[in-house]
Protein chains: 2
Amino acid sequence: MISPQKNIKIKHLTIIGVGLIGGSFARALRQAGMVEHISGCGRSSENLQKALDLGVIDDFFLDIKDAVKNADLIFIATPVGSFQQILSQIKNAMKNGAIITDAGSTKFSVIEAAQSVFNEIPENFVPGHPIAGTENSGVEASFSELYQNHRVILTPVEQTSAAAVELVSQLWTSIGAQVVIMEARHHDLVLAATSHLPHLLAFSLVNTLTTLDEKQEIFENAAGGFRDFTRIASSDPSMWQDICLANKNALLEHLDLFTQDLQKLRTALEQGDGDFLKETFVRAKQSRDHLVENSIEKNSE
Amino acid sequence: MISPQKNIKIKHLTIIGVGLIGGSFARALRQAGMVEHISGCGRSSENLQKALDLGVIDDFFLDIKDAVKNADLIFIATPVGSFQQILSQIKNAMKNGAIITDAGSTKFSVIEAAQSVFNEIPENFVPGHPIAGTENSGVEASFSELYQNHRVILTPVEQTSAAAVELVSQLWTSIGAQVVIMEARHHDLVLAATSHLPHLLAFSLVNTLTTLDEKQEIFENAAGGFRDFTRIASSDPSMWQDICLANKNALLEHLDLFTQDLQKLRTALEQGDGDFLKETFVRAKQSRDHLVENSIEKNSE
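Quantities reported herein were computed from a predicted structural model and do not represent experimental measurements. (Residues numbered from 1 in each chain as written. Chains lettered and ligands numbered in written order. Predicted model: local features only at pLDDT ≥ 70, side-chain atom pairs only at ≥ 80, totals over all residues.)

**Looking at the confidence of the model for chain A**
Consideration 1: Confidence in the prediction for chain A averages 93 pLDDT; 96% of positions are at 70 or higher.
Consideration 2: Taken together, the stretch residues 296–301 of chain A has pLDDT below 50 and engages in 20 contacts with residues farther than four places along the chain or on a different chain. (pLDDT = per-residue confidence, 0-100. Contact = placed C-beta atoms within 7 Å.)

**A few points about the environment of B:Leu201**
Consideration 1: Within the fold, B:Leu201 resides in helix H7 (residues 184–210).
Consideration 2: Considered as a pair, B:Leu201 and B:Asn249 are 48 residues apart in the sequence and their alpha carbons are 16 Å apart. (Helix = DSSP H or I, 4+ residues; strand = E, 2+ residues; numbered from the N terminus.)

**Some words on helix H11 (residues 248–270) of chain B**
Because an α-helix packs 3.6 residues into every turn, residues spaced three or four apart end up facing the same way.
Consideration 1: Its 23 residues place the ends of H11(B) 32 Å apart at the C-alpha level, agreeing with the 33 Å of an ideal helix rising 1.5 Å per residue.
Consideration 2: Residues of H11(B) that are buried make contact with helix H7 (184–210), helix H10 (237–246) and helix H11 (248–270) of chain A together with H7, helix H10 (237–246) and helix H12 (274–294) of chain B.
Consideration 3: Immediately downstream of H11(B), the backbone of B:Gly272 shows phi near 70°, a positive value. (Expected span 1.5 Å × (residues − 1).)

**Examining the domain arrangement of chain A**
Residue and element names in this part refer to chain A.
Consideration 1: Splitting chain A by domain gives domain 1 (10–182) and domain 2 (187–294).
Consideration 2: Between domain 1 and domain 2, the residue contacts involve 14 residues of the former and 15 residues of the latter.
Consideration 3: Tallied by class, the residues present in the side of domain 1 that touches domain 2 amount to five nonpolar, seven polar and two charged. (Domains from an automatic or database assignment. Nonpolar A, V, L, I, M, F, W, Y, C, P; charged D, E, K, R; others polar.)

**Some thoughts on the relation of the copies chain B and chain A**
One chain copy maps onto the other through a rotation about an axis and a shift parallel to that axis.
Consideration 1: Each copy superposes on the other: chain B lies on chain A with an RMSD of 0.0 Å after a rotation of 180° and an axial shift of 0.0 Å. The relationship between the two copies is best expressed as a two-fold rotation axis. Closest approach to the rotation axis among the C-alpha atoms of chain B is made by B:Phe229, whose C-alpha sits 2.0 Å away.
Consideration 2: Comparing interface residues between copies, 100% of those in chain B also lie at the interface in chain A; the contact surface is shared. (Least-squares fit on C-alpha atoms with pLDDT ≥ 70 in both.)

**Examining the interface of chain B and chain A**
As a measure of interface size, the accessible area lost when the parts come together is often cited.
Consideration 1: Contacts between chain B and chain A engage 78 residues on the former and 78 residues on the latter.
Consideration 2: For the side of chain B that touches chain A, the elements supplying multiple residues, two or more each, are H7, helix H8 (215–220), helix H9 (224–229), H10, H11 and H12 of chain B.
Consideration 3: The biggest single contributor to the side of chain B that touches chain A is H7(B), with 17 residues.
Consideration 4: Grouping the constituent residues of the side of chain B that touches chain A by class yields 40 nonpolar, 21 polar and 17 charged.

**Some remarks on the sheet that holds strand S3 (residues 59–61) of chain B**
Residues and elements named next belong to chain B.
Consideration 1: Strand order in this open sheet of six strands is S3-S2-S1-S4-S5-S6, and the pairing throughout is parallel. Whereas interior strands pair on both sides, the edge strands pair on one side only; in this sheet they are S3 and strand S6 (125–126).
Consideration 2: Its contacts with the sheet put helix H6 (residues 162–174) on strand S5 (99–102) and S6, and the angle it makes with S5 is roughly 55°. (Pairing = 2+ DSSP bridges. Axes fitted to C-alpha atoms, helices over the stretch in contact; angles between N-to-C directions.)

**Remarks on the sheet that holds strand S9 (residues 178–181) of chain B**
Strand pairs in the sheet, formed through backbone hydrogen bonds, run parallel or antiparallel to each other.
Residues and elements named next belong to chain B.
Consideration 1: The mixed open sheet is built from three strands, whose spatial order is S7-S8-S9. Lying at the two open borders of the sheet, with one neighbouring strand each, are strand S7 (128–130) and S9. Here the average twist between neighbouring strands, direction ignored, is 20°.
Consideration 2: With four bridges connecting them, strand S8 (residues 151–154) and S9 associate as parallel partners. Within S9, the residue paired with valine 152 across the bridge is valine 179.
Consideration 3: Of the strands in this sheet, S7, S8 and S9 touch H6, which is tilted by about 170° from S8.

**What about the packing of H11(A) against H7(B)?**
Consideration 1: Packing of H11(A) against H7(B) brings their axes to within 9 Å, and their N-to-C directions diverge by 125°. Between H11(A) and H7(B), the interaxial angle falls into the category oblique. Considering the relative orientation of H11(A) and H7(B), their crossing is right-handed. Seen from H11(A), the contacting residues are A:Leu257, A:Phe258, A:Asp261, A:Leu262 and A:Leu265; seen from H7(B), they are B:Leu200, B:Ser204, B:Leu205, B:Asn207 and B:Thr208.
Consideration 2: Residues belonging to the contact of H11(A) with H7(B) are distributed by class as follows: six nonpolar, three polar and one charged. (Parallel < 35°, antiparallel > 145°, perpendicular 65-115°, else oblique. Left-handed = near helix turned anticlockwise from the far one by under 90°.)

**Focus on the environment of B:His186**
All names here are of chain B.
Consideration 1: Along the chain, the position of histidine 186 falls in helix H7.
Consideration 2: Since 16 C-beta atoms lie within 10 Å of it, histidine 186 is described here as partly exposed.
Consideration 3: Placed 64 residues apart in sequence, histidine 186 and alanine 250 show a C-alpha to C-alpha distance of 9.5 Å. (Buried ≥ 20, exposed ≤ 12 C-beta atoms within 10 Å, placed from the backbone.)

The structure is reproduced here in structure tokens:
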């Protein structure tokens, strides 16, 4: 294990997918003085030009191979469905010893993609997931404070080099994030409950309401409670399609538990069992109040 | 129909239930100079003393009959389950010609309660529902701006006096609210979709998560999206027990539609049908983005 360097500085960072997440990572590292040169890579030259104009990146490439060939650190911030293809293109183009990390919202699927591309997970690949974001997308929405006081979960595998984990941890810490190490499958189970299922429910509820005759009036009479509850239904559909499919099993598991409990609540409601309703609401309120009191993250996801 | 008075002033307002809703109504009307004297009524002298100390009310009574006997306007802001009992106590104690209005979250149940107490709905009873609030309860949480730019739905019945509706409308308008007239059953259907169902889902989800082994980690890793989605699960359990029971039929109807659509989404997820997921998410995002763009209410519910 290489001992941690006190004054690390990344000479060349390449961001694949310069949107809210990738753009904010670039902005924050630059502000923290942790990086010398930042290249951007993506499918849309229009977006990359915007990132360049905003000073988020120093240059850009549409071809991943060109983008990564000089990179010391590669940060993948695209929807998780694209990882296999991206890793395949990186594989023979990147420098020996370059570190790869990512911001994918599911971790087991990302590790599987790496396994299938590299046969064995490269020791310099550090799977990661910053628990931060907003419902807005695109490099225009990126800002350097996004990760401050937010958690970043890293899910190294057995062969991941401790030095690579250490370096990636230091980068996140330098921009105000709190790093937590977790096993990938466990990450996926926890995130299915706390993020993926709520997104599915929010999308599903708003979709159902759009099918009603009273649709217009429903939205006209929606207040802040509804707006907050459905904020995550304004998230990027492609990204969430990928996340749901990539974390299908854990998501189905939690969805089924939720549905079973909801049916119990439905039965209680139909039977006019106020005590059951109230007990459920009290339990929920207590946990939710406790969460808010103990939360380290005051900003939005 | 009495023509609207330009400079109305309520001599004596009695608030039954001096919490967030009742307290904010009192504060706002006082600030707008629309009221001379405000009495409070409730079950807890401690809370009423607090309201008195905060200057929200001028005096208080624990006995409803004493509280309403001199009132020109009676505002009921208690959980809807208490309405029948409250109206029974008001019935023979109130002044002739006094106007009664309320803030109950369901309207058909309130009208039914009035019908059963008075045999015929009194012409001076104006059922109402301000679409405003926060997840906090109690008079300490009340503030005079709560209703600014928020909707208030009034649901008069056939025999309701137009003058009474006009007076209550003017009061709400004077404190910055936007008054909408709606049929009570329709109100309940719309609110079931936009408020009652989301509350039920938020309570239910948080309750399910509290039953999981990973409970601790789940809450530790929750970010802003989860916090917003579950904010309404911090609402008052007794109040929501009452609302769910009072609007049972409309709520069950929407809950079943939601559950059916959620099951379709579940099937698509299980079968890996990404197109179906994405189409649903896109439809939801479009409606939700549209809602935010067109919303008149920027504050929380």
